[in-house]
Amino acid sequence: MISNDTALMAHLLRRAGFGASRDELEGYIAMGYKGAVDALLNPTDPGNMPDDLIRRYHVEQSELRDLPGSAAYWMYRMISTACPMEEKIALFWHGLFATGYTKLNQARTQLNQVDMFRRSGLGSFEDLLLELSRDPAMIIWLDNNENHGDSINENYGRELLELFSMGIGNYSEDDIKECARAFTGWTLGNAEYMAIRAAKDSIWPYGRIAWHFDYREDDHDDGEKTFLGETGNFNGEDIIAIIVKQESTARFLATRLFQFFAADEVSKAGENAVEAMVATYFSSGYKISDMLQTLFLSDYFKSEEARFARVKGPVEMVVGAIRMAGNYQNPSLGIEKVSDNMFFMGQGLLRPPTVEGWHEGVEWIDSGALVERVNFVAKVLSDVKSPGVRSIIDWLEAGADDGVLNPSDLADGCLDLLGPIQVSDETRSVLVDYAARLGDLDLNGHQPGDQAEQRVGNMLRLVAATREYQLA
Amino acid sequence: MTTTKREKSLIVIQLSGGNDYLNTVVPYSDGKYYDSRPVVNISQDKVIPINDQLGFNPSMGPIKSLWDEGKVAVINGIGYQNPNRSHFRSMDIWHTAEPDAIGKEGWLGRAVRDLDPLGENVLTAVNFGRGLPRALGCPGVSVASVGDLETYGLFPDVQDEELRMFTLEAFSRMYGGAAGRDPVMQMLGQTGQDALQGADILRTAPVMYSSSVEYGPDTLAQNVKSISQVFHANIGAKVLYTQHGPFDTHSGELPTHAKLWNEVAGSVGCLMDDLKEHGTEDDATILIFSEFGRRIKDNASGSDHGSAGVAFLIGGAVNGGLYGEYPSLTEAEQIEGDLRSNNDFRSAYTNVLEDWLGLDAAPIVNGQFEKFDIFHS
């Protein structure tokens with residue numbers, strides 16, 4: 001029988017990571033639930049492959065200036081990290097502060113932004129918004145380089161309030177203008193030239209130039225501003241200090257974190273967790289890791305209701321399957337083709353469609369996307385040559401009496417080791433019938449890739465194709 | 001062959017990477033063209049003239065034949081104000097019909113939503129190739145992306161046919177089972193059944209189809225053949241999309257561009273023959289476009305990213321001819337060394353949407369645009 005500890009830990013790892021193999025789960029279970037939450041929320045050494053090694057083996061990831069290689073590079077980090085929460089929180093901010101390659105033509109500058117999310121994504125929200133406002137990719141993406149002391153461009157000021165912090169309905173159009181005024185002069189070094197590069201450049205044959213933040217005092221409107229009822233000669237830092245004090249900001253952030261890390265919909269019981277996160281937001285000095293700790297330790301998060309309450313996003317789908325299969329732990333050709341699959345499913349890393357990010361939850365699913373999702377995961381998890389699937393076969397063998405599994409054992413064992421995944425009785429009976437077609441499975445003396453192993457692969461393929469597997 | 005009244009379909013061939021307008025529809029009598037293109041030019045003796053000023057690239061023979069039959073509309077100088085020379089951004093602009101802000105929905109996705117507002121047919125739009133172009137992206141609109149029509153569907157990697165059949169049966173039972181009251185599980189169940197059904201229907205298309213036309217071996221020709229198969233299967237596919245490239249000819253342009261246009265023109269020629277053989281040439285229109293043209297001056301091997309380009313509408317219902325003006329090569333008329341667009345791409349979209357698909361174009365293309373008189377009334 002699946003133990004509660006295992007099921008709960010698997011749930012945590014699907015949210016604070018990309019799912020986990022049984023061996024990984026055992027490691028986390030040994031820490032205890034709270035210990036595991038703390039370990040995940042305090043990333044130490046992710047054990048990245050060093051960049052010089054990546055560059056040696058992956059020419060497509062060497063310069064990181066074009067999109068496919070750069071998306072693959074980030075995916076590689078997600079696949080190989082020992083600190084999955086660091087990548088998961090970066091993915092969260094990448095969706096919320098969505099910045100797209102289409103306008104930038106500078107993948108490296110986006111990867112720098114992702115690095116900033118890794119570095120500051122679990123810290124203070126105030127610091128994070130400050131870093132975001134100085135982030136070169138964001139400055140070009142939302143035109144703050146066009147926001148001048150004598151003529152404002154509202155784009156960044158508006159989205160900072162609407163999409164990045166408070167949410168619509170909590171400020172006036174005048175607040176937007178005052179906010180934009182405060183961020184005049186927050187631009188790039190050599191901004192005019194760099195903007196032309198971004199709009200008019202051709203990937204080939206010209207190279208890239210690094211972007212950096214530049215504050216131009218002479219282009220900053222230092223006049224008096226009234227923002228959300230407060231008046232002063234505000235600069236950007238002052239505006240952010242006012243934004244983060246707002247109840248609406250706490251609620252916005254708590255809700256978005258809840259939807260990404262707990263459940264697509266905030267239920268009545270979920271409301272309590274959101275309230276608790278709002279309280280932590282203020283008591284901790286706006287600290288994101290503390291809010292997430294509150295969430296992960298809440299009764300709601302640990303309850304049955306929160307299990308499988310999210311539709312997996314394409315990045316979770318792809319990275320989760322590959323981590324489970326244990327592939328691409330070493331430099332391997334073809335990894336950029338793997339990351340293409342995320343795009344086929346509707347979520348290309350570094351290319352969110354708009355500043356609103358992706359439409360998540362059930363909107364991930366349509367018949368075209370479902371075919372891509374099922375086919376990719378089914379193929380990866382049915383490959384009995386991959387190390388993760390070999391490990392699943394070993395676990396199955398170890399758990400079976402005399403190495404023989406009846407059809408129920410095979411179905412239940414695969415559901416357990418890919419999750420544990422809870423499925424409806426109906427789904428389970430289809431899986432058992434499928435296994436029963438060939439009777440009991442004897443794993444005694446199994447050899448790599450033989451028929452007995454392939455039967456496990458076939459069952460894993462079908463589990464990967466269930467409705468339930470689509471959920472996190 | 002078929003006598004039932006068919007609905008009209010749009011077939012889109014996207015030329016990805018920036019097709020060189022100047023070497024596609026060549027201003028062969030303009031000395032400034034040869035002055036600007038000392039290396040990367042089509043010489044006068046090779047051009048296929050369509051009048052005394054312009055001529056097609058020599059690789060476009062089949063399109064010239066269609067031109068002679070009055071089935072090719074050449075839309076000159078197409079583009080938008082404030083040209084963006086980034087592939088991604090410019091293609092995004094074409095896809096979302098939104099040159100200024102970052103657009104949210106694809107123009108054809110919106111068209112599909114209007115054609116099938118209840119989403120009753122999961123095959124109203126079919127994309128041939130992996131990865132959905134943003135033109136077809138729109139919340140609530142499902143589009144099948146077909147890599148290979150012969151193997152399209154679930155579990156294509158399972159070689160053993162019997163095993164694949166058992167797996168599909170199990171999938172069908174799992175997604176068809178009662179979902180309880182959980183709306184997400186219900187939605188997943190319905191979507192899974194739609195996907196199975198769509199795959200079943202699509203896979204029958206090649207079986208039902210027969211034709212004496214032999215398409216080329218290249219990817220585009222094979223995708224266009226699949227388009228013909230799906231179109232002729234009468235399953236209500238109204239938007240069929242594919243792309244070809246890369247047209248990003250910064251170096252070694254002449255042979256690359258010739259090969260690509262050989263494939264495009266060959267595929268279009270085959271498709272039009274195929275439609276004729278099936279008596280359906282008035283039921284489909286082909287739109288060919290690219291995200292931008294290329295720089296007027298060559299770089300001694302190829303040409304760099306430019307602005308105004310050319311689009312084509314081809315079909316039995318099209319009034320063949322030249323539309324829009326060919327932009328001047330005079331330096332004063334250029335925009336930063338490029339041909340200046342004088343013809344907003346959303347005009348052509350408006351033509352297609354209103355006069356071909358019978359939709360209200362303004363909400364789809366984000367505004368009112370003057371149309372040409374491209375389609376027979």
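All figures in this text were calculated on a predicted structure; none of them were measured in a lab. (Residues numbered from 1 in each chain as written. Chains lettered and ligands numbered in written order. Predicted model: local features only at pLDDT ≥ 70, side-chain atom pairs only at ≥ 80, totals over all residues.)

**With respect to the overall build of chain B**
So, step 1. In terms of helices and strands, chain B carries 10 helices and 12 strands.
So, step 2. Per-residue burial over chain B gives 56% buried out of 377 residues.
So, step 3. The contacts of chain B with a sequence gap of at least 6 include a subset with a gap of at least 24, amounting to 70%. (Helix = DSSP H or I, 4+ residues; strand = E, 2+ residues; numbered from the N terminus. Buried ≥ 20, exposed ≤ 12 C-beta atoms within 10 Å, placed from the backbone. Contact = placed C-beta atoms within 7 Å.)

**Thoughts on the pairing of strand 10 (residues 309-314) of chain B**
Within a regular beta strand, the side chains point alternately toward one face of the sheet and then the other, so they alternate between its two faces.
Residues and elements named next belong to chain B.
So, step 1. Where burial is concerned, most of strand 10 is hidden: six out of the six residues are buried.
So, step 2. Burial of strand 10 is two-sided: the residues Gly-309, Ala-311 and Leu-313 facing one way and the residues Val-310, Phe-312 and Ile-314 facing the other way are all buried.
So, step 3. Where strand 5 (residues 72-79) and strand 10 come together, five bridges link them in antiparallel fashion. Paired with Val-74 across the two strands is Phe-312, which belongs to strand 10. (Pairing = 2+ DSSP bridges.)

**What about the interface of chain A and chain B?**
So, step 1. Taken together, the contact pairs 42 residues of chain A with 46 residues of chain B.
So, step 2. A per-element tally of the side of chain A that touches chain B places helix 21 (residues 367-381) of chain A first, with eight residues.
So, step 3. Across the side of chain A that touches chain B, the residue classes break down as 19 nonpolar, 12 polar and 11 charged. (Nonpolar A, V, L, I, M, F, W, Y, C, P; charged D, E, K, R; others polar.)

**Regarding the sheet that holds strand 4 (residues 55-56) of chain B**
Residues and elements named next belong to chain B.
So, step 1. With antiparallel pairing, three strands are arranged side by side in an open sheet as 2-4-3. Each having just a single partner strand, strand 2 (25-26) and strand 3 (48-49) make up the two edges of the open sheet.
So, step 2. Pairing analysis gives two bridges linking strand 3 to strand 4, with the strands arranged antiparallel. Each bridged residue has a counterpart across the sheet, and for Ile-48 the counterpart in strand 4 is Phe-56.

**Observations regarding unusual backbone geometry**
So, step 1. A cis amide bond links Gly-419 of chain A with the next residue in sequence, Pro-420 of chain A, at an omega value of 10°.
So, step 2. Within the element layout of this structure, Pro-420 of chain A appears in the loop between helix 23 (407-417) and helix 24 (425-436).
So, step 3. The residue after Gly-245 of chain B, namely Pro-246 of chain B, is reached through a cis peptide bond having omega 0°.
So, step 4. Of note, Pro-246 of chain B is situated in the loop between strand 8 (239-244) and helix 8 (253-277).
So, step 5. Of note, the phi angle at Leu-64 of chain A is positive, near 55°, even though the residue is not glycine.
So, step 6. Residue position: Leu-64 of chain A is located in the loop between helix 4 (51-57) and helix 5 (67-80).
So, step 7. Despite not being glycine, Asn-82 of chain B shows a phi value in the positive range, around 45°.

**Brief notes about the environment of Val-362 of chain A**
So, step 1. Mapping Val-362 of chain A onto the fold places it in the loop between helix 20 (335-345) and helix 21.
So, step 2. The class for Val-362 of chain A is partly exposed, based on 16 C-beta atoms found within 10 Å.
So, step 3. In this structure, the C-alpha to C-alpha distance between Val-362 of chain A and Leu-471 of chain A, residues 109 residues apart in sequence, is 9.9 Å.
So, step 4. With residues near it in sequence (within four places) discarded, Val-362 of chain A still touches Val-311 of chain A together with Val-184 and Met-187 of chain B.

**Quick word on the domain arrangement of chain A**
Residue and element names in this part refer to chain A.
So, step 1. One can read the domain layout of chain A as domain 1 (1-308) and domain 2 (387-470).
So, step 2. Taking the mean C-alpha position of each, domain 1 and domain 2 sit 39 Å from one another.
So, step 3. Among the elements of the structure, helix 1 (4-16) and helix 2 (22-31) are those that each provide at least two residues to the side of domain 1 that touches domain 2.
So, step 4. If one sorts the elements of the side of domain 1 that touches domain 2 by residue count, helix 1 sits on top with three residues. (Domains from an automatic or database assignment.)

**Here's the deal with the packing of helix 11 (residues 155-162) of chain A against helix 12 (residues 173-182) of chain A**
All names here are of chain A.
So, step 1. Direction vectors running N to C along helix 11 and helix 12 enclose 120°, while the axes themselves pass 8 Å from each other. Viewed along their axes, helix 11 and helix 12 adopt a mutual orientation that is oblique. The two elements helix 11 and helix 12 cross, and the hand of that crossing is right-handed. Contacts between helix 11 and helix 12 pair Gly-157, Arg-158, Leu-160 and Leu-161 from the former with Asp-175, Ile-176, Cys-179 and Ala-180 from the latter.
So, step 2. Of the residues assigned to the contact of helix 11 with helix 12, the class counts are five nonpolar, one polar and two charged. (Axes fitted to C-alpha atoms, helices over the stretch in contact; angles between N-to-C directions. Parallel < 35°, antiparallel > 145°, perpendicular 65-115°, else oblique. Left-handed = near helix turned anticlockwise from the far one by under 90°.)

**Things to note about the pairing of strand 8 of chain B**
Residues and elements named next belong to chain B.
So, step 1. Most of strand 8 is tucked away: six of the six residues are buried.
So, step 2. Residues Val-239, Tyr-241 and Gln-243 point to one face of strand 8 and Leu-240, Thr-242 and His-244 to the other, with burial holding for every one of them.
So, step 3. Judged from the six bridges that link them, strand 1 (residues 9-15) and strand 8 form a sheet pairing that is parallel. Among the inter-strand pairings, Leu-10 is bridged to a residue of strand 8, identified as Val-239.
So, step 4. Relative to strand 8, strand 6 (residues 125-128) runs parallel, the two being bridged by four bridges. Note on strand 8: the bridge partner recorded for Ala-125 is Val-239.

**Observations regarding helix 19 (residues 314-325) of chain A**
So, step 1. In a regular helix each residue adds 1.5 Å, so 12 residues correspond to 16 Å; helix 19 of chain A covers 17 Å between its end C-alpha atoms and thus fits that length.
So, step 2. Where helix 19 of chain A is buried, its residues meet helix 5, helix 6 (84-96), helix 20, helix 21 and helix 22 (387-399) of chain A. (Expected span 1.5 Å × (residues − 1).)

**Considerations on the environment of Leu-438 of chain A**
So, step 1. Mapping Leu-438 of chain A onto the fold places it in the loop between helix 24 and strand 6 (441-442).
So, step 2. Sequence-wise, Leu-438 of chain A and Val-338 of chain A are 100 residues apart; in three dimensions their C-alpha atoms are separated by 33 Å.

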